[in-house]
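Structural overview
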Amino acid sequence: MPAAPARPAARPPARRVCVVLLTGLGDVVHGLPLVTALKRADPGCHVTWVAEPMPAQLLDPHPAVDQVVRYRRREGWRGVTALRRALAEARRRAPGGAFDVTLNLNVYFKSVWPVLFSGAPERWSFGRDRARDGVWLASTRRIPARPRRHTQDMFLEFLAALGVPHAPPAEPADWGIAASFTDAERRAQAAWAAARSGRPRAVIVPASAVAAKDWPAERWARVAAALASDLGHEVVVAGGPGARETAAARVVSDQAGVPVTWAMGDGVRRLAWTLDACDLVLAPDTGPLHIARALGRPVVGVYGHSNPWRVGPYRAWEHLWVDAYTPPGALPDPSAFDPPADDRMAAIPVEAVVDRAEAAVRAAAVTRGTRVE
């Protein structure tokens, strides 16, 4: 009787992993299901993550990240030198004093230094079909070529390359942000919520890190008025500490004609638990939108400069998106990433955003068992 063919041995997950995903905040959110899946497959896996200081706040603490190395890239060569020292120390703290594998989720040259300094013998990156600036030359293994698609799906390709299942069947991704909140943060969140009006809370993130992605602030003010006056919500403005973001939030607060709760510039950790304490989030293409998605909060996304099918809330609330990026009559194309030549954000009317907010509120009422006429 012929012997049964031998089954190929399953490849065990790497136990000492260095993740290189520097910025922005939304991309770092999309990297989290990678490390949660690694930990689920092998709880003994040790994960070090290299990130720039702002998004690193989301990772420290996080239950699937054992240590965070902050790369102060804006400091130039001084930052590169400090990174080399920090990664040498991180290797010493890893079990066995070394990394087995480095996963470079970035596609730009800024990621080359941490990849090389990691010292891992196995270094994965996207290939030249999706990476730029020769990034793939710093790697020893490349993700197989395929068209660009949603950022989250692209990052999950690294799990497939390592032979690691990426999620339980019921959920397409596990970000683990809610599990990262400390007891002190939960107490601060509870105190903040207790000081509110008691009405449902809607967060407007009025600006992103890229001006071309933004919707006019005076239109957000009109949306804020509708949320408060017509839909019965307390309106919160939240976002980063930059001058442009703060100025946009000030326009919303000054022109809405309704009370607006200020939550601008409070840091990434506080921003995350603020979003978690709210019922609806409205934003352009920006990091807080992806934090809200990871926390399960309904999102009204406003898109004209960037493609929501590539960078929108992952597999959720497509009916709440305002998609001015996809040309009328065209099918959505997740591989498209070039911004349009015209300013499609400016062409989005207030009524379109208010309509999506109304749809979200009605859906929430039905979910709670309230009959909506």
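A brief report on the enclosed structure follows. The residue numbering used here restarts from 1 in each chain and proceeds along that chain's sequence as written. For this predicted model, a pLDDT threshold of at least 70 governs which residues receive local features, and a threshold of 80 or more governs which side-chain atom pairs are given and counted, while totals over whole chains, interfaces and linings are taken from all residues. For the side-chain quantities, the full set of heavy atoms in the structure was used; hydrogens and water were omitted.

The subject of this paragraph is the state of the cysteines. In plain terms, two cysteine sulfur atoms within 2.5 Å form what is called a disulfide here. One pass over the structure, following the stated rule, counts zero disulfides. Unpaired in terms of disulfides, Cys-18 finds its nearest cysteine sulfur in Cys-45, a separation of 12 Å.

Ordered in space as β9-β8-β7-β10-β11-β12, the six strands form an open sheet in which the pairing is parallel. Here the strands that pair on one side only, and so sit at the sheet edges, are β9 (260–264) and β12 (322–323). Here strand β11 (residues 299–303) runs beside β12; their pairing, made up of two bridges, is parallel. Across the sheet, residue Tyr-303 finds its bridge partner in β12, namely Asp-323. A pair of strands counts as paired when DSSP detects no fewer than two bridges linking them. Segments assigned H or I by DSSP are reported as helices when at least four residues long, segments assigned E as strands when at least two residues long, and all are numbered from the N terminus.

Aromatic pairs are defined between Phe, Tyr and Trp rings, using the six-membered ring for Trp, whenever the two ring centres lie within 6.5 Å; interplanar angles under 30 degrees are classed as stacked, those over 60 as edge-to-face, and all others as tilted. Applying the stated rule across the entire model yields eight aromatic pairs. Here a set of aromatic residues connected by ring pairs shows up, and it is made of Trp-77, Phe-109, Trp-113 and Phe-117. Two conditions define a charge located above a ring, namely a distance within 6 Å from the ring centre to NZ of Lys or CZ of Arg, and an angle within 35 degrees of the ring normal. Here Arg-148 stacks its cationic end above the ring of Phe-337, 4.2 Å away from the centre of that ring. Between the NZ or CZ atom of Arg-250 and the centre of the ring of Trp-262, over which it lies, the distance is 4.1 Å.

Turning to the sheet that holds strand β3 (residues 67–70), a few remarks are in order. Spatially, six strands are ordered β3-β2-β1-β4-β5-β6 in an open sheet, and the strand pairing comes out parallel. Two strands close off the open sheet at either side, each with one partner strand: β3 and β6 (141–143). Strand-to-strand twist in this sheet, taken as the mean axis angle between neighbours without regard to direction, amounts to 20°. Note that strand β2 (residues 46–51) and β3 share four bridges and pair parallel. Looking at β3, one finds that Val-50 is bridged to Val-69. Whether two residues are in contact is decided by their heavy atoms: any pair within 4.5 Å suffices. For helices, the fitted line uses only the C-alpha atoms of the stretch in contact; every axis is such a line through C-alpha atoms, and the angle between N-to-C directions lies from 0 to 180 degrees. Contacts from helix α1 (residues 25–41) reach β1 (16–20), β2 and β4 (101–104) within the one sheet, and its direction differs from that of β2 by about 170°. Packed on one face of the sheet, helix α5 (residues 151–162) meets β4, β5 (122–126) and β6 and runs near 145° to β5.

All right, on to the pattern of salt bridges then. In the sections that follow, a salt bridge refers to a side-chain nitrogen of Lys or Arg positioned within 4 Å of a carboxyl oxygen of Asp or Glu. In total, this model carries 21 salt bridges according to the counting rule given. Across the salt bridge formed by Arg-70 and Asp-60, the nearest N and O atoms sit 3.6 Å from each other. A residue pair is termed long-range when its members are at least 10 positions apart, and Arg-70 in strand β3 and Asp-60 in the loop between α2 (53–56) and β3 qualify at 10 residues. Burial classes: relative accessible area under 20% of the type maximum marks a residue as buried, over 50% as exposed, and values in between as partly exposed (1.4 Å probe, protein chains only). With a relative accessible area of 44%, Asp-60 lands in the partly exposed category. The structure contains a network of salt bridges with shared partners spanning Asp-129, Arg-130, Arg-149 and Glu-157.

We now examine the nonpolar core. Only buried residues count toward a nonpolar core, which is a set of Ala, Val, Leu, Ile, Met, Phe, Trp, Tyr and Cys residues joined through side-chain atoms within 4.5 Å. In this structure, Trp-49, Ile-177, Val-223, Leu-282 and Val-353 are the most contacted members of the largest nonpolar core, which totals 117 residues. Tallying contributions element by element places α1 first for this core, with eight residues. For Ile-177, the residues in contact, after removing those within four places along its chain, are Val-29, Leu-32, Leu-58, His-62, Ile-291, Ala-294 and Leu-295.

This part takes up the environment of Pro-259. Checked against the element boundaries, Pro-259 lands in the loop between α9 (243–255) and β9. Assessed through its relative accessible area of 66%, Pro-259 is described here as exposed. Separated by 42 residues in the primary sequence, Pro-259 and Ala-217 have C-alpha atoms spaced 16 Å apart.

Below, the discussion takes up the side chain of Asn-307. Assignment of secondary structure puts Asn-307 in the loop between β11 and α12 (308–311). Take Asn-307: its relative accessible area is 2%, and that puts it in the buried class. Here a polar contact is taken to be a pair of N or O atoms separated by no more than 3.5 Å, where protein atoms must pair a possible hydrogen donor with a possible acceptor and residues adjacent in sequence count only if both atoms sit in side chains. Only 2.7 Å separates the side chain of Asn-307 from the backbone oxygen of Asp-333, close enough to count as a polar contact. Discounting residues that sit within four places of it in the chain, Asn-307 has contacts with Gly-312, Tyr-325, Asp-333, Pro-334 and Ala-336.

Okay, unusual backbone geometry next. Residues Thr-23 and Gly-24 are joined by a peptide bond in cis, for which omega reads 0°. Mapped onto the fold, Gly-24 is located in the loop between β1 and α1. Non-glycine residue Asp-133 carries a positive phi angle of around 60°. Tracing the backbone shows Asp-133 in the loop between β5 and β6. Taking the relative accessible area as the measure of exposure, Asp-133 reaches 47% and is therefore partly exposed.

What follows concerns the packing of helix α8 (residues 217–229) against α9. For the pair α8 and α9, the least separation of the axes is 8 Å and the interaxial angle reads 40°. Comparing the axis directions of α8 and α9 gives the class oblique. Classified by chirality, the crossing of α9 by α8 is right-handed. Between α8, through Ala-217, Glu-218, Trp-220, Ala-221 and Ala-224, and α9, the contact on the second element is made entirely by Ala-248, Val-251, Val-252 and Gln-255. Classifying every residue of the contact of α8 with α9 by side-chain character gives seven nonpolar, one polar and one charged. For classification purposes, angles smaller than 35 degrees are called roughly parallel, those larger than 145 roughly antiparallel, those between 65 and 115 roughly perpendicular, and all remaining angles oblique. Crossing handedness: left-handed means the near helix sits turned counterclockwise from the far one by under a right angle, and right-handed means the same turn made clockwise. Following the grouping adopted for this structure description, the nonpolar residues are Ala, Val, Leu, Ile, Met, Phe, Trp, Tyr, Cys and Pro, the charged ones are Asp, Glu, Lys and Arg, and the polar ones are all others, Gly among them.

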